[in-house]
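What follows is the residue order along each chain.
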Amino acid sequence: MSESQLDFLLQVLQATADSKGDAKVIDPLLEANQEKLMNFAQVLRSWADVTLAALEIEKTRKNTVVVIGNFSNYMQDFPRGNRADNLEIAIAGYEIVLTVFTQDRFPYEWATTQNNLGAAYSNRIQGTKSENLELAIFCYQQALQEYARDRFPNEWARTQNNLGNAYSQRIQGKKAANLEDAIFYYQQALQEYTPEAFPQDHAGTAFSLGLAYKVAERFADAYNILKSAINVLESLPSGIISSSQIKQKLAKEWHELYHCMVEVCLELKYYNQAVEYIERSKTQKLAELLANQSLPKLHSLISFTEIQGLLDNQTAIVQWFIFDDCFRAFIITKQDQTPRIWKSTAEDLQALDNWYHRYLETYSKNQSLWINQLTEQLQKLAQILHINDVLNLIPNTCKSLIFVPHCYLHLLPLHALPLTGNRDNYLLDKFAGGVRYTPSCQLLKFAKQREYQPQQSLLAIQYFHENRRYTNLEVEAIQGYFNPTIILEKAQTTKSALLTVVASSPDVQVVHFSGRCYFDSKNINLEKCLTLGDIFKLNLPECRLVTLSACETILANYVSNTDEYIGLPTAFLKAGSSSVVSSLWSVNDFATALLMIRFYDNLHSLPVAQALREAQSWLRNATKSQFIHWMKNHSKINEQNQQTIQQYLKWYKPDDKPLNESVNWAGFCAF
């Protein structure tokens, strides 16, 4: 062993002893010395052989291995560095501990270490998976020699659960027999892991048992136990888990729990329940976020019948859901007692994943190329989604459509997908009543409690930036439709000023934001920005429309393990607005100004989704001559702003359609 590694070993063991295994102390130390962890297991073994042999006082030897055991526990879960090396260090440490904590002298400590060693072998990367699992099973069975249920019920249940995990992955032996053993051990664990005594453990073990039932094709059993797991999960207090690392791990597991339940429902032909569990999966993180900020709770339960109750006879919902091996579209109407379901192939899913990652990479790295390819890329997306086949499942009587996307589908202009047969025929053209989006049916229900009606009062935030030169044109025209109006502009557009105005104007009915939005907070002073958290805390009880006439106001992060979309539209809907108009990408400023003016032109006679649909159709189809005629006859566009518009259009021929490309008109969505 090197001298530097030995010094580091002594340092980290001392830190473990002094802090009693506190991650806040140990983590920075390991982080700064990751290169010394290579072959560190052998360093630990060599040092322990010499050190423990030299210690004559029993208490000192015991204290030393306690520290080694705590260090091993930490290394088993250490998320950075080389995972294989970390596990070898943990295994070495546990084996050292067992030389002192023998079964005859320290039975409880021996059993605890056997259990920990079994967990390390279960996750081990070095060696063969088959042999490692056999070693894990042996360790767990050893632990049960001392973990009697009557004396150590919690430890007994944990070890039974661990055996279930090991047998569910076991390679040796017959698969069916291993699966039955796994089911047996999970059932044993649940005898102690009751929802009342150990709710979090019950949810985890019940999920594992449900997975085992699903693999065994015992779908009715799987449904019942997964139902129990989800009910317990949703009843857990939001603050019960404090560690962000554990929260992230559990979020992944619970995300998979809902997916598993939906798949089981489909196998049992419980199609209505499948939709209900999809909905429940989409509100968990939001419910926790609201609870953590002491905001009114959003209930995650909504029945299929309640979802149908949100619709009229001319409206359909398309609920998308991405599975591990396919994606599905669930078409919900008021008339049908169950959803109509379209299912993709595994190849379609792979094509969708590949398409999205190329699309996102091009958008983030080469905006010019992204703009040039957008129309072609949307044609490819329409083919991958088989959008014509999905739409064919919607009754011809439906004139309005509500999309409930899933994962990264929230970031895509589904309303602008071209339909087969005509380059200028788009999805939104098929629905005269408009196309809307909602993060979930639960939020749709929440928003519909405040139906939109034409309103009078306006709060406009007019933030000037060199990339938003047409902001003045936009806001000056729009404010003519309202009375009273509050306009914050230039130096007034600060976070504190906005929060003050909102607090003093609870009766504001329309909020129009024309400015800048940042999806990524790097290099931004958040103290000066209105953040997502700030918006959730706003109170807009009379608001019926929030228009986010800025760039990327829909974007959200889909690296995390969640089914939910939580972005600015979600926040404004929760703050009280019944509708939100928001953007998917960096929008053309001139096109946005004209689109917004036309949109507000329409609002006196059309609902939000229809008003936006008409404005987008007009924007893409209007010629230069038609734009100028509209402008000259528009009572809200003054002479100076007319000159601004003419200056932009002067390079086009009279019959040209200057804003026909998708990038100009398709970026805005109605929520």
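Residues numbered from 1 in each chain as written. Predicted model: local features only at pLDDT ≥ 70, side-chain atom pairs only at ≥ 80, totals over all residues. Heavy atoms only, no water.

J.: How should I be thinking about the overall build of the chain in this particular structure?
T.: A tally of regular secondary structure across the chain gives 28 helices and 11 strands. In the chain, buried positions account for 54% of the 671 residues. Taking the contacts inside the chain whose residues are at least 6 apart along the sequence as the reference set, 74% of them involve residues at least 24 apart. With an accessible surface of roughly 29,900 Å², the chain has 49% of that area assigned to carbon and sulfur atoms. (Helix = DSSP H or I, 4+ residues; strand = E, 2+ residues; numbered from the N terminus. Buried < 20%, exposed > 50% of the residue type's maximum accessible area, 1.4 Å probe, protein only. Contact = heavy atoms within 4.5 Å. Areas by Shrake-Rupley, 256 points an atom, 1.4 Å probe, with all protein chains shown as cover.)

J.: Explain the side chain of glutamine 509 to me, please; I cannot follow it from the model alone.
T.: Looking at the element boundaries, glutamine 509 is found in the loop between helix 21 (495-504) and strand 8 (510-514). For glutamine 509, the side chain forms a polar contact with the main-chain nitrogen of glutamine 456, separated by 2.9 Å. (Polar contact = N/O pair within 3.5 Å; in protein donor to acceptor, adjacent residues only side chain to side chain.)

J.: Just checking my understanding: could you explain the packing of helix 1 (residues 3-19) against helix 4 (residues 58-77) for this structure?
T.: At a minimum axis distance of 9 Å, the contact between helix 1 and helix 4 shows a crossing angle of 95 degrees. In terms of axis orientation, helix 1 runs roughly perpendicular to helix 4. Of helix 4, the residues touching helix 1 (which contributes Val12, Leu13, Thr16 and Ala17) are Val67, Ile68, Asn70 and Phe71. A class-by-class count of the residues in the contact of helix 1 with helix 4 yields six nonpolar, two polar and no charged. (Axes fitted to C-alpha atoms, helices over the stretch in contact; angles between N-to-C directions. Parallel < 35°, antiparallel > 145°, perpendicular 65-115°, else oblique. Nonpolar A, V, L, I, M, F, W, Y, C, P; charged D, E, K, R; others polar.)

J.: What exactly am I supposed to notice about helix 3 (residues 40-54) here?
T.: Residues spaced three or four apart along an α-helix point in a common direction, a consequence of the helix completing one turn every 3.6 residues. A rise of 1.5 Å per residue sets the reference length of helix 3, with its 15 residues, at 21 Å; its end C-alpha atoms lie 21 Å apart and thus fit the reference within 8%. Looking at the buried residues of helix 3, the elements they touch are helix 1, helix 4 and helix 5 (83-100). (Expected span 1.5 Å × (residues − 1).)

J.: I tried to follow the nonpolar core on my own but got confused; where do I start?
T.: Soluble globular proteins tend to pack their nonpolar side chains together in the buried interior. Grouped together as the largest cluster of nonpolar side chains are 113 residues, with contacts concentrated most on Trp320, Leu401, Trp585 and Phe599. Top element by residues in this core is helix 24 (residues 589-602). It accounts for nine residues. The contact partners of phenylalanine 599, leaving out residues within four places of it in the chain, are Leu545, Thr547, Val581, Val608, Ala611, Leu612 and Ala615. In this structure, Ile26, Phe219, Leu226 and Ile278 belong to the second largest nonpolar core, which totals 100 residues. (Core = buried A, V, L, I, M, F, W, Y, C linked by side-chain atoms within 4.5 Å.)

J.: Looking at this structure, how should I read the packing of aromatic side chains?
T.: What describes a pair of aromatic rings is the distance from one ring centre to the other and the angle between the planes of the rings. With the rule as written, the count across this model stands at 26 aromatic pairs. Here the aromatic rings of tyrosine 193 and phenylalanine 198 are separated by 5.6 Å at their centres, their planes lie at 65 degrees, and the arrangement is edge-to-face. Relative accessible area serves as the criterion here: at 4%, tyrosine 193 is assigned to the buried category. Relative to phenylalanine 671, the ring of tyrosine 437 has its centre 6.0 Å away and its plane inclined at 35 degrees; by these criteria the two rings are tilted. Of this pair, tyrosine 437 sits in strand 5 (residues 435-437) while phenylalanine 671 sits in the segment after strand 11 (668-670), and the two are 234 residues apart along the sequence. Pairwise contacts between aromatic rings join Trp355, Tyr359, Tyr363, Trp370 and Trp585 into one cluster. The side chain of arginine 328 reaches across the aromatic face of phenylalanine 323, ending 4.6 Å from its centre. The ring of tyrosine 481 carries the charged tip of lysine 636 above its face, separated from the ring centre by 4.7 Å. (Phe/Tyr/Trp six-rings, centres within 6.5 Å; stacked < 30°, edge-to-face > 60°. Lys NZ or Arg CZ within 6 Å of the ring centre and 35° of its normal.)

J.: Sorry, what's going on with the environment of leucine 13 here?
T.: Relative to the elements of secondary structure, leucine 13 occurs in helix 1. A sequence separation of 51 residues divides leucine 13 from threonine 64, and the C-alpha atoms of the two residues are 9.0 Å apart. Apart from residues lying up to four places away in sequence, leucine 13 is in contact with Trp47, Val67, Ile68 and Phe71.

J.: I tried to follow unusual backbone geometry on my own but got confused; where do I start?
T.: Trans is the common state for peptide bonds, and a negative phi is the common state for residues other than glycine. Cis geometry is found at the peptide bond from asparagine 483 to proline 484, where omega equals 5 degrees. Here proline 484 shows up in the loop between helix 20 (471-478) and strand 7 (485-489). For asparagine 39, which is not a glycine, the phi torsion comes out positive at approximately 60 degrees. With respect to the helices and strands, asparagine 39 occurs in the loop between helix 2 (23-32) and helix 3. Take asparagine 39: its relative accessible area is 57%, and that puts it in the exposed class. Phi is positive for cysteine 407, which is not a glycine, with a value near 50 degrees. Along the polypeptide, cysteine 407 turns up in the loop between strand 4 (400-404) and strand 5.

J.: Please clarify how the pattern of salt bridges should be interpreted in this entry.
T.: Opposite charge on two side chains permits pairing when their charged atoms draw close. The full count for this structure, using the stated rule, is 17 salt bridges. Here glutamate 376 ties to lysine 380 by a salt bridge, and the two come within 3.7 Å at their closest N and O atoms. Linking glutamate 376 with lysine 380, this pair stays in helix 17 (residues 367-385), spanning four residues, or about one helical turn. Given a relative accessible area of 42%, glutamate 376 falls into the partly exposed group. Salt bridges here are not isolated pairs; linked through shared partners, they connect Asp27, Glu31 and Arg80. (Salt bridge = Lys/Arg side-chain N within 4 Å of Asp/Glu carboxyl O.)

J.: Any chance you could explain the pairing of strand 4 here in plain terms?
T.: In regular strands, side chains alternate between the two faces of the sheet. Extensive coverage of strand 4 is indicated by the burial of five of its five residues. Judged by which residues are buried, strand 4 turns out to be covered on both faces: Ser400, Ile402 and Val404 on one side and Leu401 and Phe403 on the other are all buried. Direction of pairing for strand 1 (residues 315-322) relative to strand 4: parallel, over a ladder of five bridges. For glutamine 319, the partnering residue across the bridge sits in strand 4 and is valine 404. Pairing of strand 4 with strand 5 involves three bridges; the strand directions are parallel. Bridged to phenylalanine 403 within strand 5 is tyrosine 437. (Pairing = 2+ DSSP bridges.)

J.: I'm lost on the packing of helix 9 (residues 175-192) against helix 10 (residues 199-215) in this one. Help?
T.: Packed helix pairs are characterised by how far apart their axes lie and by the angle those axes make with each other. Where helix 9 meets helix 10, the closest approach of the two axes is 9 Å, and the angle between their N-to-C directions is 155 degrees. With respect to helix 10, the element helix 9 is oriented roughly antiparallel. Considering the relative orientation of helix 9 and helix 10, their crossing is left-handed. Contacts from Leu179, Ile183, Tyr186, Gln187, Ala189 and Leu190 of helix 9 reach helix 10 at His202, Thr205, Ala206, Ser208, Leu209, Ala212, Tyr213 and Val215. (Left-handed = near helix turned anticlockwise from the far one by under 90°.)

J.: In this structure, what is going on with the confidence of the model for the chain? I would like to understand it.
T.: Interpretation of this model should avoid reading the predicted coordinates in detail wherever pLDDT is low. With 87% of its residues at a pLDDT of at least 70, the chain reaches an overall mean of 85. Under a pLDDT of 50 for its full length, residues 242-247 has, in the predicted model, five contacts with residues more than four places off or in other chains. (pLDDT = per-residue confidence, 0-100.)

J.: Got a minute to help me understand helix 16 (residues 346-365) in this structure?
T.: Taking 1.5 Å of rise per residue, the 20 residues of helix 16 would be expected to cover 28 Å, and the 29 Å separating its terminal C-alpha atoms lies within 8% of that figure. Here helix 16 has its buried residues at Asp348, Leu349, Leu352, Trp355, Tyr356, Tyr359, Thr362 and Tyr363. The buried residues of helix 16 occupy an angular sector of 165 degrees when projected down its axis, which confines them to one face. Of the exposed residues in helix 16, those oriented more than 90 degrees away from the buried face are Glu347, Ser364 and Lys365. Contact partners of the buried residues in helix 16: strand 1, strand 2 (327-333), strand 3 (340-343) and helix 17. (Arc of directions from axis to C-beta.)

J.: Any chance you could explain the environment of leucine 163 here in plain terms?
T.: With respect to the element layout, leucine 163 can be found in helix 8 (residues 153-169). Given the relative accessible area of 0%, leucine 163 is considered buried. Spatially, the C-alpha atom of leucine 163 lies 9.5 Å from that of phenylalanine 184, the residues being 21 residues apart in sequence. Other than its neighbours up to four places away in sequence, leucine 163 contacts Ile137, Tyr140, Gln141, Leu144 and Tyr185.

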